[in-house]
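# Chain and residue survey
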Amino acid sequence: MSATLAYANTNRAIATAGPMYLFSTHMADENKALAQGLRRRDPELLDRLIEEYQYRLFRYLAYITGNHERAEDFFQETWIRVLERGHQYDGKYKFESWLFTIARNLVIDWQRHKKPQSLDALIDPDEGAPMEFAAEDDASPLDLVLLGERGARVQASLGQLPAVYREVLLLRFQEDMQLEDISRVLAIPLSSVKSRLYRGLDALKKVLAGGAE
Amino acid sequence: MNEELHVRAEESIARQRVEGISDAERVWLEEHLRDCARCAEVARATEQAIHSLRGLSVPMPRALASRTQFRVRLRAREMQARGPRWQWLWAACGVSWAFGAATAPYVWRGLEWLGHRAGLPDVVWKMGFGVWWALPAIMVVVVLLFEKTGATDGMAFREEL
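Calculation criteria
- Residues numbered from 1 in each chain as written.
- Chains lettered and ligands numbered in written order.
- Predicted model: local features only at pLDDT ≥ 70, side-chain atom pairs only at ≥ 80, totals over all residues.
- Helix = DSSP H or I, 4+ residues; strand = E, 2+ residues; numbered from the N terminus.
- Buried ≥ 20, exposed ≤ 12 C-beta atoms within 10 Å, placed from the backbone.
- Contact = placed C-beta atoms within 7 Å.
- Nonpolar A, V, L, I, M, F, W, Y, C, P; charged D, E, K, R; others polar.
- Axes fitted to C-alpha atoms, helices over the stretch in contact; angles between N-to-C directions.
- Parallel < 35°, antiparallel > 145°, perpendicular 65-115°, else oblique.
- Left-handed = near helix turned anticlockwise from the far one by under 90°.
- pLDDT = per-residue confidence, 0-100.
- Core = buried A, V, L, I, M, F, W, Y, C linked by C-beta atoms within 7 Å.
- Expected span 1.5 Å × (residues − 1).

### A word on the overall build of chain B
Of regular secondary structure, chain B possesses five helices and zero strands. Tracing chain B from N to C terminus, the helices and strands come up as α-α-α-α-α. Counting every position in chain B, which comprises 161 residues, the buried fraction comes to 11%. The long-range share in chain B, meaning contacts at least 24 apart out of those at least 6 apart in sequence, stands at 52%.

So, in structure tokens, the structure goes:
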């Protein structure tokens, strides 16, 4: 009886709110199913997720570490974390935000252990969040990662940008992440995400224009 | 053309890509861009910058996904094997604490009798009672320490690999 009522209510909600409601409900259901599978440590599900997100995760790690081999290590370690901490994913938000957050935190932890003496240098002037990517003046690791002449030019331009802008630009325009998801991954307010995006985009335009001259 | 209009157009161009703009603002912007070469150039540069970012690619290492799947399955098996041991440990602790709570008055009297018979100061047999109570917790701490050492060794081994 109550199930029928719930079904009728759902149909009414769909009729009034339209396809967006259907889409978000579908997403929520999918995330919940994912969360349950991760809690069970379902090997089939993990295999599927690794296949599905392999390129995006590796690309993100390659850019933020600036090193191919290191990105591979972090890639594997990220999925081990997903297995171990799968119960912490509650399905409220997109899985990709959670996944990228884990990857990012692993990189930050590694940097902290690697260079404890230079932590002050990693502080983002805007937010005070520790963050560092590949050295700004050291383009060679990224050269290994990127293909093609045009890609190399854009990569060189990206290398000139402050790391905090570079990351946010990649998440927004390469990963096509929503602003709210980026805010979750970076653990910063939405307003900071926006301001970084505006400044980053402005800076990228300038360096690209400089390179073209 | 009014400088304020250019500023507004440039802001709208960026906002359109970052967070989106309203339909009315979009219509205004399109009209402005038709008449203003300077702002049209800004729009083109912005579009090109975003297009460049989207066009970047990274070569995937060979078999990274399958290697990762293998490692994850291996770790899952490790964790599965460790799971039942933990369940037994927690069950044993639970029983031990329940039993301890139920027998506490008898143990107290027993230790008191023993202490008086042996001529020990009260503080000694009372401390003995404390130790007897803390025994399960101490056991758990010891097991946890052993587990942690094992896990650290495992990580070091992985890093060596």
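### Here we look at the interface of chain A and chain B
Each partner contributes residues to the interface: chain A has 36 residues there, and chain B has 27 residues. Where the side of chain A that touches chain B is concerned, the elements lending two or more residues are helix 3 (43–65), helix 4 (68–84), helix 7 (149–159), helix 8 (163–174) and helix 10 (190–212) of chain A. Of the residues assigned to the side of chain A that touches chain B, the class counts are 24 nonpolar, five polar and seven charged.

### A look at the packing of helix 5 (residues 95–114) of chain A against helix 9 (residues 179–186) of chain A
Residues and elements named next belong to chain A. Running from N to C, helix 5 and helix 9 cross one another at 30°; their axes reach a closest spacing of 8 Å. Viewed along their axes, helix 5 and helix 9 adopt a mutual orientation that is roughly parallel. Pair helix 5 / helix 9 crosses with right-handed handedness. Side by side, helix 5 and helix 9 meet where S97, F100, T101 and R104 of the first sit next to D181, R184 and V185 of the second.

### Examining the confidence of the model for chain A
Residue and element names in this part refer to chain A. Scored by pLDDT, chain A comes out at a mean of 77, with 69% of its residues at no less than 70. In this model, residues 1–15 is a region of pLDDT below 50 whose contacts with residues beyond four sequence positions or in other chains number three contacts. pLDDT under 50 marks residues 117–123. Its contacts with residues more than four places away, or in other chains, come to eight contacts.

### Topic: unusual backbone geometry
With a phi angle near 55°, A:D176 is a residue other than glycine that sits in the positive phi range. Within the fold, A:D176 resides in the loop between helix 8 and helix 9.

### Regarding the nonpolar core
All names here are of chain A. By size, the foremost hydrophobic cluster in this structure holds 59 residues, and its most contacted members are L57, Y60, L61, L99, A103, V168 and L169. The leading source of residues in this core is helix 3, at eleven residues. The residues contacting V168, other than those within four sequence positions of it, are I182, V193, R196, L197 and G200.

### Section: the packing of helix 3 of chain A against helix 4 of chain A
All names here are of chain A. Here helix 3 crosses helix 4 at 140°, and the two axes come no closer than 9 Å. Classed by the angle they form, the pair helix 3 and helix 4 counts as oblique. Helix 3 and helix 4 meet at a crossing whose hand is right-handed. For the pair formed by helix 3 and helix 4, the contact residues are L46, I50, L57, F58, L61, A62 and T65 on the first element and H68, R70, A71, F74, F75, T78, W79 and L83 on the second. Of the residues in the contact of helix 3 with helix 4, the class split is eleven nonpolar, three polar and one charged.

### A few points about the environment of A:W79
Structurally, A:W79 is set in helix 4. Between the C-alpha atoms of A:W79 and A:D47, which are 32 residues apart in sequence, the distance is 9.9 Å. Here A:W79 is in contact with A:I50, B:T68 and B:V72, once residues within four sequence places are set aside.

### Concerning helix 8 of chain A
Residues and elements named next belong to chain A. Between the first and last C-alpha of helix 8 there are 15 Å, a value that for twelve residues agrees with the 16 Å anticipated at 1.5 Å per step. Of all twelve residues in helix 8, eleven are buried; the element is thus mostly enclosed. Looking only at helix 8, the buried set comprises A163, V164, Y165, R166, E167, V168, L169, L170, L171, R172 and F173. Immediately beyond the C-terminal end of helix 8, within one or two residues, lies D176, with a positive phi of roughly 55°.

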